[in-house]
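Chains, contacts and geometry: an overview
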Amino acid sequence: ILNVEQSPQSLHVQEGDSTNFTCSFPSSNFYALHWYRWETAKSPEALFVMTLNGDEKKKGRISATLNTKEGYSYLYIKGSQPEDSATYLCAFRDSNYQLIWGAGTKLIIKP
Amino acid sequence: DTAVSQTPKYLVTQMGNDKSIKCEQNLGHDTMYWYKQDSKKFLKIMFSYNNKELIINETVPNRFSPKSPDKAHLNLHINSLELGDSAVYFCASSQQAGVVTDTQYFGPGTRLTVL
């Protein structure tokens, strides 16, 4: 059974501060790693998909890095804003091309 | 325009009843999925259809039966509902399963409560 773990489970950050959290996944048979953003009362929305070791992706103040050899990805948010409050999910693409999802990191930005 | 829509958004029903949840996507995608969000908030794949053909059928009680009348629709029918079926069910679609970078687009979810 493949496990995708995210830490921390939840995170409170002061508005304006930068933060980051982790997604750990199996380092063998790597195909792709997806990050999604899930706001309360909405649907998960895709942020990034990364495929190569050392990949870095950026969208505004949010960026992500990928280390496939050690099996982790970091998501960074620079200068957190209230609208960044959401649950951030990562998902590992397995050898059957299915997405195996982590439980998410719930980020709460305090004004 | 809503890309992936589900109806109903909320469903409260008695144990033993049969109910359906409908999903439609207007993105022109070939693949559709049903997920169940479990008690620990994990998204667990239940079924996936590609061009109306079942491609993923995880270990799900056979009381759950997906139906895809066309590639824009994937409905979920549940027979003899049990208390443990209470959860949020998400529909999703993607352009093409089998491509590692294939991104999934989710519906708003249906919160099913079985009393």
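See the structure printed just above.
The present account deals with the structure reproduced in this document. (Residues numbered from 1 in each chain as written. Chains lettered and ligands numbered in written order. Predicted model: local features only at pLDDT ≥ 70, side-chain atom pairs only at ≥ 80, totals over all residues. Heavy atoms only, no water.)

**Re the pairing of strand S2 (residues 10–13) of chain B**
Residues and elements named next belong to chain B.
- Only one face of S2 is buried: it carries Leu11 and Thr13, and the other face, with Tyr10 and Val12, is open.
- In this structure, S2 lies alongside strand S11 (residues 110–114), joined through four bridges in parallel fashion. Bridging across to S11, Thr13 finds its partner in Val114. (Buried < 20%, exposed > 50% of the residue type's maximum accessible area, 1.4 Å probe, protein only. Helix = DSSP H or I, 4+ residues; strand = E, 2+ residues; numbered from the N terminus. Pairing = 2+ DSSP bridges.)

**A look at the nonpolar core**
- If you look at the biggest cluster of nonpolar residues, it comprises 23 residues, and the most contacted ones within it are Phe21, Phe25, Leu33, Trp35, Leu75, Tyr88 and Leu107 of chain A.
- Elements with a minimum of two residues in this core: strand S2 (10–14), strand S3 (19–24), strand S4 (32–38), strand S5 (44–50), strand S7 (62–67), strand S8 (72–77), strand S9 (86–93) and strand S11 (105–110) of chain A.
- Looking at this core element by element, the count peaks at four residues for S9 of chain A.
- For Phe25 of chain A, the contacting residues outside a window of four places in its chain are Asn3, Val4, Phe30, Leu33, Leu66, Asn67, Thr68, Gly71, Tyr72, Ser73 and Phe92 of chain A.
- Among the nonpolar cores identified, the runner-up in size contains 19 residues, and Met32, Tyr89, Cys91 and Val114 of chain B belong to it. (Core = buried A, V, L, I, M, F, W, Y, C linked by side-chain atoms within 4.5 Å. Contact = heavy atoms within 4.5 Å.)

**Re the pattern of salt bridges**
- This structure, assessed with the given rule, holds six salt bridges over all chains.
- Of the charged contacts in the structure, one is a salt bridge between Asp30 of chain B and Lys71 of chain B, with a shortest N-O distance of 2.8 Å. Here Asp30 of chain B, found in the loop between strand S3 (19–25) and strand S4 (31–37), pairs with Lys71 of chain B, found in the loop between strand S7 (64–70) and strand S8 (73–78); they are 41 residues apart in sequence, far enough to count as distant.
- Classification of Asp30 of chain B as partly exposed rests on a relative accessible area of 21%.
- The class of Lys71 of chain B is partly exposed, set by a relative accessible area of 35%.
- As a salt-bridge pair, Arg63 of chain B and Glu82 of chain B come within 3.5 Å of each other at their nearest N and O atoms. Placement of the pair is Arg63 of chain B in the loop between strand S6 (53–57) and S7 and Glu82 of chain B in the loop between S8 and strand S9 (87–94), with a sequence separation of 19 residues.
- Given a relative accessible area of 13%, Arg63 of chain B falls into the buried group.
- Three or more residues are tied together by salt bridges with common partners; here these are Arg37, Glu39 and Lys42 of chain A. (Salt bridge = Lys/Arg side-chain N within 4 Å of Asp/Glu carboxyl O.)

**Some points on the sheet that holds S3 of chain A**
Residue and element names in this part refer to chain A.
- A sheet is described by the order of its strands in space; here five strands give the open sequence S1-S3-S8-S7-S6, paired in antiparallel fashion. Across the chains shown, the open sheet's two edge strands, defined by having one partner strand only, are strand S1 (5–7) and strand S6 (56–59). Each strand axis lies, on average, 15 degrees off the axis of its neighbour in the sheet, ignoring direction.
- As defined by bridge partners, S3 adjoins S8 across six bridges and the pair is classed as antiparallel. By the bridge assignment, Thr22 is partnered in S8 with Tyr74. (Axes fitted to C-alpha atoms, helices over the stretch in contact; angles between N-to-C directions.)

**Here we look at the sheet that holds S3 of chain B**
Residue and element names in this part refer to chain B.
- Pairing is antiparallel across the open sheet formed by four strands, whose spatial order is S1-S3-S8-S7. Of all strands in the sheet, those with a lone pairing partner are strand S1 (4–7) and S7, marking the two edges. For this sheet, the mean angle separating the axes of adjacent strands, direction not counted, is 20 degrees.
- With four bridges joining them, S3 and S8 adopt antiparallel strand pairing. Residue pairing in the sheet places Ile21 in a bridge with Leu76 of S8.

**Overview of the interface of chain A and chain B**
- Tallying the contact residues gives 19 residues for chain A and 20 residues for chain B.
- When the buried surface of chain A facing chain B is broken down by residue, Trp38, Gln98 and Trp101 of chain A rank first, second and third, together holding 31% of it.
- The interface formed by chain A and chain B contains zero salt bridges.
- Seen at the junction of chain A and chain B, the total is six residue pairs in polar contact (both at pLDDT 80 or more).
- Those elements that place two or more of their residues in the side of chain A that touches chain B are S4, S5, S9 and strand S10 (99–101) of chain A. (Buried area = accessible area lost by both parts, 1.4 Å probe. Polar contact = N/O pair within 3.5 Å; in protein donor to acceptor, adjacent residues only side chain to side chain.)

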